[in-house]
Structure formats: structure tokens, C-alpha cells
Amino acid sequence: VVKVLALDTSRKRTGIAFDGGDGFYPRCTSRGFGDPQASIGFILLQFKNFLVDLIALQRPDVIAVESPPITGLPTSQREARIQIGMIAIVQVICEAAGIRYTEMAVSTARAKFVGNGRPGHNAAESKEIVRHQCEVLGWKVANTDESDAACVWYAAKTTDPKFRLETGALLALADAARRVA
């Protein structure tokens, strides 16, 4: 089974999902990087150091990242630079370490995970639907950043035929439970 590390990057709280146990479910966590007043360089250095340590511990075959939603959102130029910097750091580290890198829009990941790329009426509702799907599957997530990372993890894992075979029935049961709820 392909080992995947998935990230929903953000200075405030990056969601992280990686293979748990036998690789058929994710373990999730989240972490913030830097005080809002810290320099962009300091924040990116913290992120880079954390990512290097996480890669050494997890040894992923693939790092999957949710594309940063920069256009059309009310984000500051500073936060946009941090987002783009985080993505660039992931790409550079993957290139240097020979790890496959993939990036996907959140709508692509959600379409694979819950069957609809825009399942809610707004971003907050869509995030809650993804979080609920994780709970239905028994995946422990503490917040919507972790559930978004789990969603990206799942979407990246579906490129592995063995994973699709093993999880297909589980997701069918989750879909049936969601329709009843």
C-alpha cells in the first residue's frame, strides 16, 4: 500500500493526515506555525523544520497537498505569501527527497470522499460534512483542518488499487449511513 502524508496547509492550523496502522485509515493531527506577528521567514522556517521531521518519521511515498484557495477569498497579501511559501517548501522537499508530490483542489478531494465537490451551501458547511464523514468512518479528527487533511489523504490513497478494494465497502456503508441520518 502506498504511504501518503496529506496536508491542509495554513499558518493558523495545518491539518495533517498520515497512514495509521495498516495504511487503510488515517491518523490525524494539526499544528499552527508562528505567532501572527512573526516574520514570514520565521513561520516558513518552522514549517520546513516540522515537515522534515515528519517526513523522517513517516517515510511517505507521496505527499498530497490541498491547493491553497488564494484567489477570490478575503485573505491578506501576507497570508497568501505564507500559503504559497508553504506549498513551495513541500515541493522543494519532495524534489530533494525523491517523494512524489501531488496537489489537488479541495473540491476534487471532496468529490472522491463524499461524492460531491461542494456538498454544503458554503465553505463552513462543506467542511462540517467532511468532518462528519470522517466520524462515520471512525476516523478520529479534532477539527475541520484535520478532516480536510483526511479527505485529501483519502483522495490520494485512491490511486492505489489495493486501497480502493479494501475501503470500497467501508465507504459504501458510510454513504448509506449518511443518507439515513
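Residues numbered from 1 in each chain as written. Predicted model: local features only at pLDDT ≥ 70, side-chain atom pairs only at ≥ 80, totals over all residues. Heavy atoms only, no water.

## Focus: the sheet that holds strand S2 (residues 14-20)
So the rule is basically this: Two strands qualify as a pair provided DSSP detects at least 2 bridges between them. To qualify as a helix, a DSSP run of H or I must reach at least 4 residues; to qualify as a strand, a run of E must reach at least 2; elements of each kind are numbered from the N terminus. Axis lines are fitted through C-alpha atoms, for helices just across the contact stretch, and the angle between N-to-C directions can take any value from 0 to 180 degrees. Here, two residues are considered to be in contact whenever any of their heavy atoms come within 4.5 Å of each other.
What the five strands build is an open sheet, ordered S3-S2-S1-S4-S5; its pairing is mixed. Single-partner strands in this sheet number two, and they are strand S3 (25-31) and strand S5 (100-104). Averaged over all adjacent pairs, the angle separating strand axes in this sheet is 20 degrees, with direction ignored. Of the strand pairs in this sheet, strand S1 (residues 4-8) and strand S4 (residues 62-66) are connected by four bridges, and their pairing is parallel. Of the residues in S4, the one forming a bridge with Ala-6 is Ala-64. In this fold helix H5 (residues 144-157) packs onto S1, S2, S3, S4 and S5, with an angle of close to 45 degrees to the strand it touches most, S2.

## Quick look at the environment of Cys-94
Operational definition: For the exposure calls, accessible area comes from a 1.4 Å probe over protein chains only, and a residue counts as buried if that area is under 20% of its type's maximum, exposed if over 50%, partly exposed in between.
Looking at the element boundaries, Cys-94 is found in helix H2 (residues 77-97). Cys-94 sits in the buried class, given a relative accessible area of 1%. Sequence spacing of Cys-94 and Ile-55 is 39 residues, and the spatial spacing of their C-alpha atoms is 9.5 Å.

## Notes on unusual backbone geometry
With glycine set apart, most residues show a phi of negative sign, and most peptide bonds adopt trans. At Arg-59, a residue that is not glycine, the phi angle is positive and equals roughly 50 degrees. What makes Arg-59 exposed here is its relative accessible area of 61%.

## Considering the nonpolar core
The condition that has to hold: Among buried residues, those of type Ala, Val, Leu, Ile, Met, Phe, Trp, Tyr and Cys that are joined through side-chain atoms within 4.5 Å constitute a nonpolar core.
Among the nonpolar cores identified, the biggest contains 23 residues, and Phe-113, Trp-139 and Trp-153 are the most heavily contacted of them. Elements represented by at least two residues in this core include exactly S1, S4, helix H3 (106-114), helix H4 (123-137) and H5. By residue number, the principal contributor to this core is H5, which donates eight residues. Among all residues touching Trp-139, those that are not within four sequence positions of it are Tyr-25, Pro-26, Phe-113, Cys-134, Ala-150, Trp-153 and Tyr-154. By size, the runner-up hydrophobic cluster in this structure holds 22 residues, among which are Leu-5, Leu-7, Ala-38 and Leu-51.

## Describing H4
Residues spaced three or four apart along an α-helix face the same direction, because each turn holds 3.6 residues. Let me state the cut-off plainly: Take the residue count of a helix, subtract one, and multiply by 1.5 Å to get its expected span. By definition, the arc is the one covered by directions from the helix axis to the C-beta atoms. Each polar contact in these results corresponds to two N or O atoms within 3.5 Å; when the atoms are within protein, one needs to be able to donate a hydrogen and the other to accept it, and residues that are neighboring in sequence are counted only if both atoms are side-chain atoms.
If you check H4, its first and last C-alpha atoms are 21 Å apart, about what 15 residues at 1.5 Å a residue would give, namely 21 Å. When we look at burial in H4, the residues that qualify are Ser-126, Val-130, Gln-133, Cys-134 and Leu-137. Looking straight down H4, one finds its buried side chains confined to an arc of 100 degrees; they lie on one side. The opening residue of H4, the one whose side-chain oxygen lies 3.1 Å from the backbone nitrogen of Ala-124, is Asn-122. Of the residues one or two after H4, Gly-138 is the one with positive phi, at around 85 degrees.

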